[in-house]
Amino acid sequence: MLIACTMNAVRSPMAAAMLRHLAGRRLHVESAGVKAGELDPLAVEAMEEIGLEIGKHRPRCFEDLEDGSFDLVITLSPEAQHKAMELTRTAATLVEYWPTMDPTAVEGSREQRLAAYRAVRDGLMDRLKRRFVGAAASDT
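Caption draft 1: Quick peek at the packing of aromatic side chains. Considering all chains together, one arrives at 0 aromatic pairs under this definition. The ring of Phe 132 carries Arg 131 above its face, with NZ or CZ at 4.8 Å from the centroid.

In structure tokens form, the structure reads like this:
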């Protein structure tokens, strides 16, 4: 399974780490971006608050993936949705678009910006639980 966003620096690595935590070894989860950006320190901090480490994540783009065949691609940005549809048009791959706010666009104090990252984290966690926890539990 692949989770993709624009830069693979905030949303997709956060979602991938949470899904790995929720699903354990039941799912193989990777993340990528349309472009490889720089890992965002506020994303790292927001994830550490819930006990998940993404500080060693190295952002990568679709072209960096060793295996381009996935059963499911979840896209979190319009750019990633477009790229996923382009890459999977001849494959039997399910693509789901989960529009997710980019917290890097939020301005204000450090605390206001961190609150935006927390909101994205919590929203993705809720959606991941709804989508995968019931399905993962029934696989065992």
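Caption draft 2: Structural view of the environment of Glu 63. Mapped onto the elements of the fold, Glu 63 is located in the loop between α2 (41-48) and β3 (72-75). Here Glu 63 falls in the exposed class, since its relative accessible area comes to 52%. Sequence separation between Glu 63 and Arg 127 is 64 residues, and the spatial gap between their C-alpha atoms is 27 Å. When residues no more than four places from it in sequence are discounted, the contact partners of Glu 63 are Val 34 and Lys 83. Side-chain polar atoms of Glu 63 contact the side chain of Lys 83, separated by 2.8 Å.

The rules behind each value
- Residues numbered from 1 in each chain as written.
- Predicted model: local features only at pLDDT ≥ 70, side-chain atom pairs only at ≥ 80, totals over all residues.
- Heavy atoms only, no water.
- Phe/Tyr/Trp six-rings, centres within 6.5 Å; stacked < 30°, edge-to-face > 60°.
- Lys NZ or Arg CZ within 6 Å of the ring centre and 35° of its normal.
- Helix = DSSP H or I, 4+ residues; strand = E, 2+ residues; numbered from the N terminus.
- Buried < 20%, exposed > 50% of the residue type's maximum accessible area, 1.4 Å probe, protein only.
- Contact = heavy atoms within 4.5 Å.
- Polar contact = N/O pair within 3.5 Å; in protein donor to acceptor, adjacent residues only side chain to side chain.

Shape descriptors only; they carry no functional weight alone.
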